[in-house]
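Results of the structural survey
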Amino acid sequence: MASGKITLSTPSGSSMSGYIAWSSVSNGSAANTSTVTATVYLKKNNSYTTTGTFSGTLTIDGTSYSISKYGSWVNSYTAVGTKKKTVTHNSNGSKSIKISTSIKNSGTSQAGTYSASKTVALDTIPRASSISSTAAWTAGSALTVSISRKSTSFTHKVSVSVGGTTVASAESIGTSVTFSGDDFNLKVFKAMAAANSAKTKITVTTYSGSTQIGSAVTKEGNVNVPTLSSLSCVNEANIKDMIDITVNQGDPRLTHSLEYSFKSLSGFLMGSSESGG
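Thresholds applied
- Residues numbered from 1 in each chain as written.
- Predicted model: local features only at pLDDT ≥ 70, side-chain atom pairs only at ≥ 80, totals over all residues.
- Heavy atoms only, no water.
- Salt bridge = Lys/Arg side-chain N within 4 Å of Asp/Glu carboxyl O.
- Helix = DSSP H or I, 4+ residues; strand = E, 2+ residues; numbered from the N terminus.
- Buried < 20%, exposed > 50% of the residue type's maximum accessible area, 1.4 Å probe, protein only.
- Phe/Tyr/Trp six-rings, centres within 6.5 Å; stacked < 30°, edge-to-face > 60°.
- Pairing = 2+ DSSP bridges.
- Axes fitted to C-alpha atoms, helices over the stretch in contact; angles between N-to-C directions.
- Arc of directions from axis to C-beta.
- Contact = heavy atoms within 4.5 Å.

Further remarks concern the pattern of salt bridges. Oppositely charged side chains can form a pair if their charged atoms are brought close together. Applying the stated criterion to the full structure yields three salt bridges. Between Lys85 and Asp61 there is a salt bridge whose closest N-O contact spans 3.9 Å. In this pair, Lys85 is assigned in strand 6 (residues 78-88) and Asp61 in the loop between strand 4 (50-60) and strand 5 (63-73), connecting sequence segments 24 residues apart. Note on Lys85: relative accessible area 16%, which makes it buried. Relative accessible area serves as the criterion here: at 26%, Asp61 is assigned to the partly exposed category. Asp183 is the partner of Lys187 in a salt bridge, and the nearest nitrogen-oxygen pair spans 3.4 Å. Of this pair, Lys187 and Asp183 are both found in helix 1 (residues 182-192), four residues apart, which corresponds to roughly one turn of the helix. The class of Lys187 is partly exposed, set by a relative accessible area of 40%. On the basis of relative accessibility, which here comes to 52%, the residue Asp183 falls in the exposed class.

See below:
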């Protein structure tokens with residue numbers, strides 16, 4: 001809760017003083033509003049009593065309210081009037097407002113105008129969640145999106161794009177989601193269009209129930225193809241020679257199929273589809 005006091009300026013020769021006491025209470029992230037309460041107080045600064053009416057306006061964030069108080073004013077603070085207003089915060093949850101008052105008295109020794117004005121900052125209301133994980137990964141691997149949410153009641157829609165093409169999405173996510181499997185990997189490789197690397201973007205939209213909270217947040221990175229394997233063997237051999245062929249596996253997830261060709265003779269080596277074969 002934000003709160004404060006704003007001192008009133010008083011007429012020359014007045015023996016009174018006063019202030020505006022204000023406070024604000026958030027109505028929650030979904031509402032993105034706060035209720036602001038402001039009260040004008042006055043008192044005498046000596047032991048003498050003044051009887052009369054103080055009246056005028058109390059303004060909260062551009063809305064003016066009438067306040068008035070008749071009474072015997074003594075050396076203790078008495079409220080002239082209290083008003084409340086619900087104000088809407090900015091999309092990022094921040095909000096500053098102006099609070100002011102102007103009240104008058106006539107017909108007594110304290111006649112004149114008492115006024116004050118100040119811009120105050122309300123507490124920022126938590127808004128959209130943020131992405132706490134990287135947007136870079138290796139194609140063929142699982143991608144985990146981690147979310148730092150501002151409220152345990154928030155859920156999220158998560159989407160992943162590669163080169164401008166959406167390759168995965170999920171809804172009603174709490175703090176993390178993992179995209180993996182053949183379908184995901186196939187879409188990633190297809191979106192890369194045979195390139196060694198492609199731009200990626202993760203987009204997270206925050207919801208409270210069915211209400212979107214703030215604006216969607218994004219994080220960008222790159223997806224890279226796995227390190228490709230290489231082949232080691234002799235360039236020439238005689239008939240009946242044993243040929244040693246070594247596959248230097250670039251990534252442990254890769255499997256291989258080896259094909260040989262000797263002019264018109266060709267075929268596949270048995271067992272070469274095994275990882276590292």
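From this point, things continue past the structure.
Our focus in this paragraph is the packing of aromatic side chains. All chains considered together, the criterion is met by six aromatic pairs. Note on Phe54 and Tyr114: the rings are 5.5 Å apart at their centroids and 75° apart in plane angle, and the pair reads as edge-to-face. Placement of Phe54 in strand 4 and of Tyr114 in strand 8 (residues 112-121) is noted, with a sequence separation of 60 residues between them. Three or more aromatic residues joined by ring pairs make a cluster, and in this case those are Tyr19, Tyr41 and Tyr77.

To continue, consider the sheet that holds strand 5. Hydrogen bonds along the backbone pair up the strands of a sheet, which may run parallel or antiparallel. With antiparallel pairing, four strands are arranged side by side in an open sheet as 5-4-7-8. Looking along the sheet, the strands with just one partner apiece sit at the ends: strand 5 and strand 8. Between one strand axis and the next, the sheet turns by 15° as a mean value, whatever way the strands run. The pairing of strand 7 (residues 96-105) with strand 8 spans ten bridges and is antiparallel. Considered in strand 8, the bridge of Lys98 is made with Thr119.

A few words now on helix 1. Residues Phe184, Asn185, Val188 and Met192 constitute the buried set of helix 1. Seen from one end, helix 1 has its buried residues packed into an arc of 95°, which puts them on one side. Projecting away from the buried face of helix 1 at angles above 90 degrees are the exposed residues Asp182, Asp183, Leu186 and Lys190. Downstream of helix 1 by one or two residues, Ala193 has phi in the positive range, about 55°.

As a further point, take the environment of Ser148. Residue position: Ser148 is located in strand 11 (residues 143-148). Judged by relative accessible area, which is 35%, Ser148 ranks as partly exposed. When neighbours within four sequence positions are excluded, Ser148 is seen to be in contact with Ser129, Ser130 and Ser132.

Here we come to the sheet that holds strand 12 (residues 155-162). Strand order in the open sheet made by the five strands is 10-16-15-12-13, with mixed pairing throughout. Each edge of the sheet is formed by a strand with only one pairing partner; in this case those strands are strand 10 (137-138) and strand 13 (165-173). Pairing of strand 12 with strand 15 (residues 197-208) involves eight bridges; the strand directions are antiparallel. Following the sheet pairing, His156 is matched in strand 15 by Thr206. Helix 1 contacts strand 10, strand 12, strand 13, strand 15 and strand 16 (211-224) of the sheet and is inclined by roughly 140° relative to strand 13.

Glancing now at unusual backbone geometry. The phi torsion of most residues other than glycine is negative, and most of the peptide bonds are trans. Backbone geometry places Asn32, a non-glycine residue, at a positive phi of 55°. A relative accessible area of 7% places Asn32 in the buried class. One non-glycine residue, Ala193, lies in the positive phi region at around 55°. Among the secondary structure elements, Ala193 is positioned in the loop between helix 1 and strand 15. Judged by its relative accessible area of 60%, Ala193 is exposed.

Fair warning: the whole summary comes from geometry, so function is off the table for now.
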